[in-house]
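Reading the structure
Residues per chain are reported as follows:
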Amino acid sequence: MADKEKILIVEDEFIVGNDLRMMLTKGGYDVCGIAASVEQARALITERKPDWVLLDIILKTPTNGIELAKELLQLHIPFLYISANTNQQTLEAAKATQPHGFLVKPFRERDLFVMLDIARYRRGVETGMIREAPSTPAETMFDPEIIGNSDAMKKVQDQARIVASTNTSVLLLGESGTGKERFARAIHKNSLRKNKPFITVNCAALPVTLLESELFGHEKGAFTGAVQKRTGKFEQAHGGTIFLDEIGELPLDAQVKLLRTLQEREIERLGGSPLIKVDVRVIAATNRNLEKEVAEGKFRLDLYYRLNVFPIALPPLREHKEDIHPLALYFLKKFADNTGKKMPVLSEDAWQTLRQYDWPGNIRELEHVLERQFILASGEQINAIEIPVTQLSLQQTAEKLETMEEMERAHIMKVLKACNGRVSGSMGAADILNISAQTLYSKMKKLGIKTNYK
């Protein structure tokens with residue numbers, strides 16, 4: 001840093017604030033003050049004009065850090081949150097203030113400086129101080145296999161381009177089928193680790209009993225069936241990137257070990273005692289709301305913050321339908337190249353069907369539908385697109401469908417009404433329904449239908 005950047009620390013725990021001050025001073029930053037309250041922070045901001053603010057979310061004062069963050073946003077002063085614990089509502093409120101990062105207590109020097117480096121780079125891109133300057137049109141593409149020129153796709157590609165050249169963790173968010181694994185591979189291919197391994201782990205597909213062994217490996221004899229030593233995925237990814245898909249499915253025990261791996265950059269095989277150093281860049285993905293998982297105790301807050309250093313939210317296809325056209329052409333060409341068949345063209349009716357459908361399965365569903373139509377096509381043109389009935393009907397009528405219990409309850413109530421509430425006896429509801437009165441009373445109790453129904 002040519003000029004020392006001024007950092008204001010807003011932290012009401014003296015030891016934490018002082019530790020931060022010493023780390024930052026040692027790292028070449030100018031700590032222009034430590035404020036124990038929002039009121040003190042406001043005065044120091046006016047007087048010292050900091051370049052950055054490190055801001056504790058929870059302060060033992062009437063005004064919390066989130067309220068000050070809103071003011072910093074208005075003042076265009078970038079900030080990073082410091083946090084130890086919180087709930088879903090607080091997490092969502094904190095994210096809404098657009099922080100440049102989160103620092104989790106307890107922290108170490110390298111965590112602090114990595115966060116600041118990433119935050120500074122993101123800030124530079126946002127303000128135009130750092131610009132990409134490709135020399136050829138081809139270089140403007142982040143990755144040729146990521147298709148889409150909509151504003152939504154340009155935004156996420158820009159974010160991926162920013163983070164690709166760093167070593168920071170990335171969290172890819174979005175619905176199933178939005179292309180999270182493709183983005184993960186693209187980030188790896190555009191990183192300094194591109195010539196090293198890219199290892200994929202589907203956390204949802206692995207049995208809990210095998211997950212730790214799969215991630216961290218095991219020694220011979222570590223458990224019944226461990227007849228030989230096994231190298232885990234983290235060791236396999238040494239020097240490269242590991243992609244943890246469906247990270248929200250990871251059990252809490254495995255989350256603890258993953259957190260330690262992220263913090264210490266070392267792993268311990270099951271049944272082994274020596275610690276093994278690993279140099280791995282982590283990209284994680286989930287279609288879950290991790291803030292909700294944290295609030296419900298299903299996902300560790302500290303792991304969430306470690307992974308959430310640089311989140312990228314991939315949009316569902318229904319929010320960038322203008323990309324359906326280039327995506328469809330890309331898939332049809334791929335199918336043609338793979339089969340040696342001539343690429344068919346789509347009729348206007350076919351294009352209209354593609355544009356009108358909301359694609360609950362996103363890009364993956366689009367690819368599968370087009371592949372089916374490509375296989376069935378007999379000529380040089382696809383005149384119509386057949387959306388599988390199960391997908392289309394569930395998407396359009398989900399709110400109208402009733403459960404079996406709801407249908408049964410409605411039918412029993414209809415019969416009772418016709419019988420003026422009479423359950424047993426000749427022409428009673430049980431007689432009409434062809435069941436015993438005892439069975440009907442049992443069903444009514446289960447379905448919450450009162451016996452004096454009129």
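About the cut-offs
Residues numbered from 1 in each chain as written. Predicted model: local features only at pLDDT ≥ 70, side-chain atom pairs only at ≥ 80, totals over all residues. Heavy atoms only, no water. Helix = DSSP H or I, 4+ residues; strand = E, 2+ residues; numbered from the N terminus. Rg over C-alpha atoms; globule rule 2.2 N^0.38 Å. Buried < 20%, exposed > 50% of the residue type's maximum accessible area, 1.4 Å probe, protein only. Contact = heavy atoms within 4.5 Å. Areas by Shrake-Rupley, 256 points an atom, 1.4 Å probe, with all protein chains shown as cover. Lys, Arg positive; Asp, Glu negative; His and termini not counted. Charge placed at Lys NZ, Arg CZ, Asp CG, Glu CD. Pairing = 2+ DSSP bridges. Axes fitted to C-alpha atoms, helices over the stretch in contact; angles between N-to-C directions. Parallel < 35°, antiparallel > 145°, perpendicular 65-115°, else oblique. Left-handed = near helix turned anticlockwise from the far one by under 90°. Salt bridge = Lys/Arg side-chain N within 4 Å of Asp/Glu carboxyl O. Core = buried A, V, L, I, M, F, W, Y, C linked by side-chain atoms within 4.5 Å.

Per an unreviewed UniProt entry, the protein carries the name Sigma-54-dependent Fis family transcriptional regulator and comes from Chitinophaga hostae.

The number of helices and strands found in the protein is 19 helices and 14 strands. Over its C-alpha trace the protein gives a radius of gyration of 29 Å, far above what one expects of a compact globule, namely 22 Å for 454 residues. Each principal axis of the C-alpha distribution contributes one length, and for the protein these read about 90 × 65 × 60 Å. By residue count, 46% of the 454 residues in the protein fall in the buried class. In the protein, the proportion of contacts linking residues at least 24 apart, taken out of those at least 6 apart, comes to 69%. Of the accessible surface of the protein, which amounts to about 23,900 Å², a share of 51% is contributed by carbon and sulfur atoms. If you average the places of the 61 positive and of the 60 negative side-chain charges in the protein, the two averages end up 3 Å apart.

This paragraph deals with the environment of Val201. Note that Val201 resides in strand β7 (residues 198-202). Given the relative accessible area of 3%, Val201 is considered buried. In contact with Val201, other than residues within four places in its own chain, are Leu206, Leu215, Lys233, Ile242, Phe243, Leu244 and Asp245.

This next bit is on the sheet that holds strand β6 (residues 170-173). On the basis of which strands lie adjacent, the open sheet formed by five strands has the order β7-β8-β11-β6-β12 and parallel pairing. Both edges of this open sheet fall to β7 and β12 (311-313), since each of them pairs with a single strand only. Strand-to-strand twist in this sheet, taken as the mean axis angle between neighbours without regard to direction, amounts to 20 degrees. Across four bridges, the pairing between strand β8 (residues 241-245) and strand β11 (residues 281-286) is parallel. The partner of Ile242 across the bridge, within β11, is Val282. Across the sheet, helix α6 (residues 151-164) is in contact with β6, β11 and β12; its angle to β12 comes to roughly 160 degrees.

With that settled, the discussion passes to the packing of helix α13 (residues 324-339) against helix α14 (residues 348-356). Where α13 contacts α14, the axes come no closer than 10 Å and their chain directions differ by 120 degrees. With respect to each other, α13 and α14 are oriented oblique. Of the two elements, α13 crosses α14, and the hand of that crossing is right-handed. Across from Ile324, His325, Ala328 and Leu329 in α13, the residues of α14 making contact are Trp351, Leu354 and Arg355.

A few words on the pattern of salt bridges. Side-chain pairs of opposite charge can arise where the charged atoms are in close proximity. Counted under the stated rule, the structure contains 30 salt bridges. The residue Arg318 makes a salt bridge to Glu175 at a minimum N-O spacing of 2.4 Å. In this pair, Arg318 is assigned in the loop between β12 and α13 and Glu175 in the loop between β6 and α7 (180-189), connecting sequence segments 143 residues apart. With a relative accessible area of 35%, Arg318 lands in the partly exposed category. Lys333 is paired through a salt bridge with Asp337; the nearest N and O atoms lie 2.9 Å apart. Here Lys333 pairs with Asp337, and both are found in helix α13, just four residues apart, close to one helical turn. Assessed through its relative accessible area of 46%, Lys333 is described here as partly exposed.

Our next topic: the side chain of Lys233. The topology assignment puts Lys233 in helix α9 (residues 233-236). Every residue in contact with Lys233, bar those within four places of it in the chain, is listed here: Ile199, Thr200, Val201, Glu214, Leu215 and Ile242.

Moving on to unusual backbone geometry. Phi is positive for His76, close to 60 degrees, though the residue is something other than glycine. The topology assignment puts His76 in the loop between α3 (65-75) and β4 (79-83). Positioned with a positive phi, Asn362 is a non-glycine residue whose angle comes to about 60 degrees. Positionally, Asn362 belongs in helix α15 (residues 362-376).

The next point concerns the nonpolar core. Core analysis: the largest hydrophobic core is formed by 54 residues, its most contacted members being Val10, Leu55, Tyr81, Phe234, Ile242, Leu244 and Ile247. The greatest single-element share of this core, amounting to five residues, is contributed by helix α12 (residues 301-307). Not counting residues within four places of it along the chain, the set of residues in contact with Phe234 comprises Leu215, Phe216, Ile242, Leu258, Thr261, Ile267, Val278, Val280 and Val282. Of all hydrophobic cores here, the second largest spans 42 residues; its members include Phe243, Ala285, Val309 and Phe310.

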